[in-house]
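Notes for the structure review
Here is what each chain is made of, one letter per residue.
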Amino acid sequence: MEEQIVQARKKLVRRDTLQTRYAFHGAIAIHRELESVGCKDKPNLSTINRVIRRNGLIEKERKAKSSAGPKKYYPEIRAQYPGHVHQLDLVTPRYITGYGKVVSVNRVDVYTSAANLDQYQSKGADSIILFLIDDWKTYGVPGFLQLDNECSFRGSLYHARTFGKLTRFCLNFGVEIIFIPFNEPWRNAYIESFNDRFNTQLWLFQRFTDLEHMRSESRQFKVQHGAYQAYKKEHFSEQHCAGYTKRFLPKNFSFDTTTELPITKGLVHFVRWVNDQGYINILNEPIFVNKELCCEYIWTTINTKQQALNMYYQAAKDSPRELIKTIKYKLRETIKDRIPVKKFCRV
């Protein structure tokens, strides 16, 4: 059995076949490889780790980057089922010699770790919306979409109380965006981990010729990532990924990205750190919270229907999230009802 473990590890690390090109090679991946070759009495993960360590097959581990942020309780939505929370990010810029710039839109389901990705020539909101349409047709519409504060995500960097194209799109189709704090990428840990693997295992591994070549390889990367995560959840997790009903965009859904959607009724969330003067920044506008909450995180929600900004504070994981302040939040345009999905479906 030890020799089988060693050979499986070496095979996965070599990455010299189509099946192993983007494969994981840790204990779970080795366990999966042993199953694929018909091994009936597979060892547990601790045994596999001991064997690869004893045979000098452990790679030098990189130290995780420590978060430089304040050590205060961080309010978040904890994913409870598949599709509950998605994290999305851009990997940009990447340049293909002889072709030009490409941008990868990457997305991870926080509950299942299943991922999707595609590449475009532009990192604008149009590319992200096109990605989401395909993603929501295939994998389902999430309850929450968590993002950083990239301009393509939130819209204007200068004008206060303006909603970008992506925010309007999500509002209209019932998805609540969560913007994490400025300059704290570790709050999107799932997608950041996926981005790191994308960079080391795909981008730096291949010499791409053009956009279509990269797309083709990224599909293989996605398939192998998905198969590994599904095996991991099935054999080594107490999470249940089956039996949940998802909402999908219809296959005949079509959206012209030049369409100017109105601001519709819904919720947009922001997690913000309170500065020493008691202020946070929401959509390019300083908002006073309370100086006594200096250096704490608060959860804020824009309710477009009520045109109100609600602020919540949670002292600890087991403490309730309490509403501490509500202010009027008059938007720059009239709020509309959502346009039904069927209005975007071709007959």
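Here is a short report on the structure shown in this document. (Residues numbered from 1 in each chain as written. Predicted model: local features only at pLDDT ≥ 70, side-chain atom pairs only at ≥ 80, totals over all residues. Heavy atoms only, no water.)

Here we look at the overall build of the protein chain
Short version of the rule: Helix and strand assignments follow DSSP, with helices taken as H or I runs no shorter than four residues and strands as E runs no shorter than two, numbered in order from the N terminus. This radius of gyration counts C-alpha atoms alone. The globule rule is 2.2 Å times how many residues there are, raised to the power 0.38. The rule is simple: take the accessible area with a 1.4 Å probe, protein chains only, and divide by the maximum for that residue type; under 20% is buried, over 50% is exposed, in between is partly exposed. Whether two residues are in contact is decided by their heavy atoms, any of which lying within 4.5 Å being enough.
Helix and strand counts for the protein chain come out as eight helices and 11 strands. Relative to the globule expectation of 20 Å for 347 residues, the C-alpha radius of gyration of the protein chain, 22 Å, shows essentially globular dimensions. Each of the three principal axes of the protein chain carries a C-alpha extent, and together these read 70 × 50 × 45 Å. Going through the 347 residues of the protein chain one by one, you find that 48% of them count as buried. By sequence separation, contacts in the protein chain at least 24 residues apart represent 67% of the contacts at least 6 residues apart.

Quick word on the packing of aromatic side chains
Note the following rule: Note on aromatic contacts: the rings of Phe and Tyr and the six-membered ring of Trp form a pair at centre separations within 6.5 Å, being stacked when their planes are under 30 degrees apart, edge-to-face when over 60 apart, and tilted otherwise.
Across all of its chains, the model carries 17 aromatic pairs by this definition. Centre to centre, the rings of Phe-169 and Phe-255 are 5.2 Å apart; their planes meet at 70 degrees, and the pair counts as edge-to-face. With a gap of 86 residues between them, Phe-169 in helix H6 (residues 165-172) and Phe-255 in the loop between helix H8 (211-236) and strand S6 (267-273) connect regions that are remote in the sequence. The class of Phe-255 is buried, set by a relative accessible area of 10%. Each ring, one from Phe-255 and one from Phe-344, has its centre 5.7 Å from the other, and the planes form 45 degrees; the classification is tilted. Of this pair, Phe-255 sits in the loop between H8 and S6 while Phe-344 sits in the segment after strand S11 (322-328), and the two are 89 residues apart along the sequence. Taken as a pair, Phe-255 and Phe-344 share a single burial class, namely buried.

Some remarks on the nonpolar core
Note the cut-off: Take the buried Ala, Val, Leu, Ile, Met, Phe, Trp, Tyr and Cys residues and link them wherever side-chain atoms come within 4.5 Å; each set so joined is a nonpolar core.
With 48 residues, the main nonpolar core has Leu-88, Leu-132, Trp-136, Phe-169 and Ile-282 as its most contacted residues. By residue number, the principal contributor to this core is helix H4 (residues 125-138), which donates six residues.

Considering the side chain of Thr-162
Where we set the bar: Whenever a nitrogen or oxygen atom comes within 3.5 Å of another N or O atom, the pair is scored as a polar contact, on the condition that within protein one atom can donate a hydrogen and the other can accept it, and that pairs from neighbouring residues in sequence are kept only if both atoms are in side chains.
For Thr-162, the position within the fold is in the loop between helix H5 (151-154) and H6. A polar contact is formed between the side chain of Thr-162 and the backbone oxygen of His-159, at a distance of 3.1 Å. Other than its neighbours up to four places away in sequence, Thr-162 contacts Arg-154, Ser-156, Leu-283 and Arg-332.

Topic: H4
Each turn of an α-helix holds 3.6 residues, which means side chains three or four residues apart point in the same direction. This is how the line gets drawn: A helix is expected to span 1.5 Å for every residue after the first.
Over its 14 residues, H4 extends 20 Å from the first C-alpha to the last, a length consistent with the 20 Å expected when each residue adds 1.5 Å. With respect to burial, H4 is a largely interior element, 10 of its 14 residues being buried. Within H4, burial applies to Ala-125, Ser-127, Ile-128, Ile-129, Phe-131, Leu-132, Ile-133, Asp-135, Trp-136 and Lys-137. Looking at the buried residues of H4, the elements they touch are strand S1 (85-96), strand S2 (100-109), strand S3 (115-120), strand S4 (144-147), H5 and H6. Downstream of H4 by a residue or two, Gly-140 has a phi angle that is positive, lying close to 105 degrees.

Brief notes about the sheet that holds S11
As a reminder of what qualifies: Two strands qualify as a pair provided DSSP detects at least 2 bridges between them. Axis lines are fitted to C-alpha atoms, over the contacting stretch for helices. Their N-to-C directions set the angle, which ranges from 0 to 180 degrees.
The mixed open sheet is built from nine strands, whose spatial order is S3-S2-S1-S4-S5-S6-S9-S10-S11. This sheet does not close on itself; its edge strands, each paired only once, are S3 and S11. Strand-to-strand twist across the sheet, computed as the mean angle between neighbouring axes with direction ignored, equals 20 degrees. Here H4 sits on the sheet in contact with S1, S2, S3 and S4, set at roughly 140 degrees to S3. The strands touched by helix H7 (residues 189-203) are S1, S2 and S3; relative to S1, the strand with the most contacts, the crossing angle is about 30 degrees.

Topic: the side chain of Asn-106
The topology assignment puts Asn-106 in strand S2. A relative accessible area of 0% means that Asn-106 is categorised as buried. Among the polar contacts listed, one links the side chain of Asn-106 to the side chain of Ser-104, at a separation of 2.7 Å. Ignoring any residue separated from it by four or fewer positions in sequence, one finds Asn-106 in contact with Gln-87, Leu-88, Asp-89, Val-91, Asn-116, Leu-117, Ile-191, Phe-194, Asn-195 and Phe-198.

Examining the environment of Glu-2
With respect to the helices and strands, Glu-2 occurs in helix H1 (residues 2-14). For the pair formed by Glu-2 and Thr-47, sequence separation is 45 residues and the distance between their alpha carbons is 9.3 Å. Leaving out residues up to four positions away in the same chain, Glu-2 has contacts with Val-51, Arg-54 and Asn-55. A distance of 2.9 Å separates a polar atom in the side chain of Glu-2 from a polar atom in the side chain of Asn-55.

Points about the pattern of salt bridges
Rule in force here: A pair is scored as a salt bridge if a Lys or Arg side-chain nitrogen falls within 4 Å of a carboxyl oxygen belonging to Asp or Glu.
Under the counting rule described, the total for this entry stands at 16 salt bridges. As a salt-bridge pair, Glu-2 and Arg-54 come within 2.7 Å of each other at their nearest N and O atoms. Placement of Glu-2 in helix H1 and of Arg-54 in helix H3 (residues 45-54) is noted, with a sequence separation of 52 residues between them. What makes Glu-2 partly exposed here is its relative accessible area of 34%. Classification of Arg-54 as exposed rests on a relative accessible area of 55%. Lys-72 is the salt-bridge partner of Glu-296, the closest N and O atoms lying 3.7 Å from each other. One end of the pair, Glu-296, is in the loop between strand S8 (285-288) and strand S9 (297-303); the other, Lys-72, is in the loop between H3 and S1, with 224 residues separating them in the sequence. Linked by salt bridges that have partners in common, Asp-118, Glu-212 and Arg-215 make up one network.

Function cannot be read off these values alone, since they describe shape.
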